[in-house]
Every structure is written in C-alpha cells, then in structure tokens.
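Results of the structural survey
For reference, the chains in residue letters:
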Amino acid sequence: MDDLSLITWSHSSYSDVWPMYFGQLEKHFPQIKQYMFIDKNSKDISKKCVQLINDENESYCKRFINCLEQVQESNVIYMQEDFILYDSVDEKYIQDLAEYLNQSSYSFIRLIKSGVEGGKCVSESLNLFEIPKGCQYFFSHQATIWKKQDLLKLYRFYRPHHIRDAESYGSHACLNLNMSGCYVYQNEPKRGRHHYDSYVFPYISTAIGKGKWDMSCYEEELNDLFKTYKIDPDRRGIL
C-alpha cells in the first residue's frame, strides 16, 4: 500500500456521517493512508486522515484539483463520505489490482460493477472487464482506483463547475482523452437497479441521496450501523 492512498471528497455539513465512515474504515481497511478533501479543518475527522482544505467559494474542479495535487501517492482510491464499508476489504486483491493498473494503459479500475454491462475480460485471474466505450457511465462516482495523474488530467481537461456536473460530463471527457478503464466483477449478486455487490471492496454505494439516508438497497446494513454508531436516522431524514 506504499503508493496507494484513499481520498475522500466531503463537506462539513456531513460531519454526522463521519463517525460511521471512519469507524468502518478503521475496522475494515485500517492500513490505508487517508486524505479528506474538506472545506474547513475539523476535530471530528479521524486523526489518521490528512485534511486537505479547499475554498468552497471556488469551483468544484479547482477545489478538487488543488487537493489532489497535494496527495503524495501515485494511485488513489476515490471515495465519498457515504461510501460506507460493511465488511472487510480484500487487501491482497487491492494490491494486485493496483499493480495491474500500473503495468497497463488503463487509467482506472472500478471496484464495483455499477452502471455497466458487458465488456471483454482482460484478466481472468483478477476478474477484470474492460468498460465498453459506449457505456453511459464510463466515468462514475463510485469507489475506484485511479492513476492520480490521469485523474488530474481528466479534471484539468473538462473542469466540472459542480460535483453534479462531474459525472454528467465525465464519460464524454474520458472518451475525448482516449482514456480506458476496467471494473471488477466476481459474479456478485445485484443490489438495486444499477449496482452489484463487491467482494473485493464491500461498501454501501451511496448511503445518502438528496441529503437524506437512502434505505432502498442497504436497509439491513444501515440499520445495524445506526445501532453501532448510535445514529438517529430521523435527524437527517430518510429518503
């Protein structure tokens, strides 16, 4: 894990989610170096996590780029504060994926099958499939290992003004830059309409929607976590 870190995009308005987020990281993936891209310093963020501060008066792309430029490692796992781990990460598998990525021409490896179907198998041993160029969600805000320089190149190219623009236009931008990527799929069961479970990186692929807890696909996991971290879901609201 020497040249791989975990980056989390968040905002202080989601500080109520952090105990669960960091608690599950400590439980299931404690050895990974962590950075949080945040609007202001907070004592509520894990002491193991490096806080990289951005100015929320700037555009999203400038804030993201300024933070990412400060990350030391060559490879990063993209995360958001509501990507909550509910089981242990397969550390050896993650290391093997990062090594494969570095030796390939691919820009990223998505750790979950999400918004994509098909694609040729590029590594049977790693259960890796190439994301088809015509995929609507070629770029996706899901847990993904990125070559840091390629992620910087992407954001510098299309410069999304807001985070909601990033996913909307990111796929087209990747294709313009002739980027290619893969996803991991080990025949995991489907979870909802667009996502599958991930054995390598078992996480709740979006616990919050429109600012409220989204119980539609992970009700059992979230209810257990609410009890563990003494969180009253009604305070934030349920979607």
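Notes on the structure follow. Nothing here was measured: the structure is a model prediction, and the numbers come from that model.

1. As for the overall build of the chain
In terms of helices and strands, the chain carries seven helices and 15 strands. Expected size for 239 residues packed as a compact globule is a radius of gyration near 18 Å; at 17 Å, the chain falls within 12% of this value. Expressed as lengths along the three principal axes of its C-alpha atoms, the size of the chain is roughly 45 × 40 × 35 Å. Summarising the internal contacts of the chain: among those between residues at least 6 apart in sequence, 71% fall at separations of at least 24. When the accessible surface of the chain is totalled, it reaches about 11200 Å², and 44% of it is carbon and sulfur. Across the chain, 28 positive and 33 negative side-chain charges occur, with their mean positions spaced 4 Å apart.

2. What to know about the sheet that holds strand 10 (residues 181-184)
With mixed pairing, nine strands are arranged side by side in an open sheet as 3-2-1-4-9-6-10-8-7. Pairing within the sheet leaves two strands with one partner each, and these edge strands are strand 3 (49-53) and strand 7 (121-123). Sheet twist, expressed as the average angle between the axes of neighbouring strands with direction ignored, equals 30°. Looking at chain direction, strand 4 (residues 75-80) and strand 9 (residues 144-147) are connected through four bridges and run antiparallel.

3. A look at the side chain of Asp82
Mapped onto the elements, Asp82 comes out in the loop between strand 4 and strand 5 (83-85). Buried and unpaired, Asp82 has no salt bridge, with Arg236 as the nearest side chain of opposite charge at 8.7 Å. A polar atom in the side chain of Asp82 sits 3.0 Å from the backbone nitrogen of Ile208. For Asp82, the contacting residues outside a window of four places in its chain are Ile204, Thr206, Ala207 and Ile208.

4. Some thoughts on unusual backbone geometry
One non-glycine residue, Asn187, lies in positive phi territory at about 65°. Secondary-structure assignment places Asn187 in the loop between strand 10 and strand 11 (190-191). The class of Asn187 is exposed, set by a relative accessible area of 64%.

5. With respect to the packing of helix 2 (residues 60-68) against helix 4 (residues 148-158)
Two elements in contact, helix 2 and helix 4, have axes separated by 10 Å at closest approach and are oriented at 155°. In this view, helix 2 runs roughly antiparallel relative to helix 4, as classed from their interaxial angle. Considering how the two elements wind past one another, helix 2 and helix 4 form a crossing that is left-handed. Across from Tyr60, Cys61, Phe64, Ile65 and Leu68 in helix 2, the residues of helix 4 making contact are Lys148, Leu151, Leu152, Tyr155 and Arg156.

Parameters at a glance
- Residues numbered from 1 in each chain as written.
- Predicted model: local features only at pLDDT ≥ 70, side-chain atom pairs only at ≥ 80, totals over all residues.
- Heavy atoms only, no water.
- Helix = DSSP H or I, 4+ residues; strand = E, 2+ residues; numbered from the N terminus.
- Rg over C-alpha atoms; globule rule 2.2 N^0.38 Å.
- Contact = heavy atoms within 4.5 Å.
- Areas by Shrake-Rupley, 256 points an atom, 1.4 Å probe, with all protein chains shown as cover.
- Lys, Arg positive; Asp, Glu negative; His and termini not counted.
- Charge placed at Lys NZ, Arg CZ, Asp CG, Glu CD.
- Pairing = 2+ DSSP bridges.
- Axes fitted to C-alpha atoms, helices over the stretch in contact; angles between N-to-C directions.
- Buried < 20%, exposed > 50% of the residue type's maximum accessible area, 1.4 Å probe, protein only.
- Salt bridge = Lys/Arg side-chain N within 4 Å of Asp/Glu carboxyl O.
- Polar contact = N/O pair within 3.5 Å; in protein donor to acceptor, adjacent residues only side chain to side chain.
- Parallel < 35°, antiparallel > 145°, perpendicular 65-115°, else oblique.
- Left-handed = near helix turned anticlockwise from the far one by under 90°.

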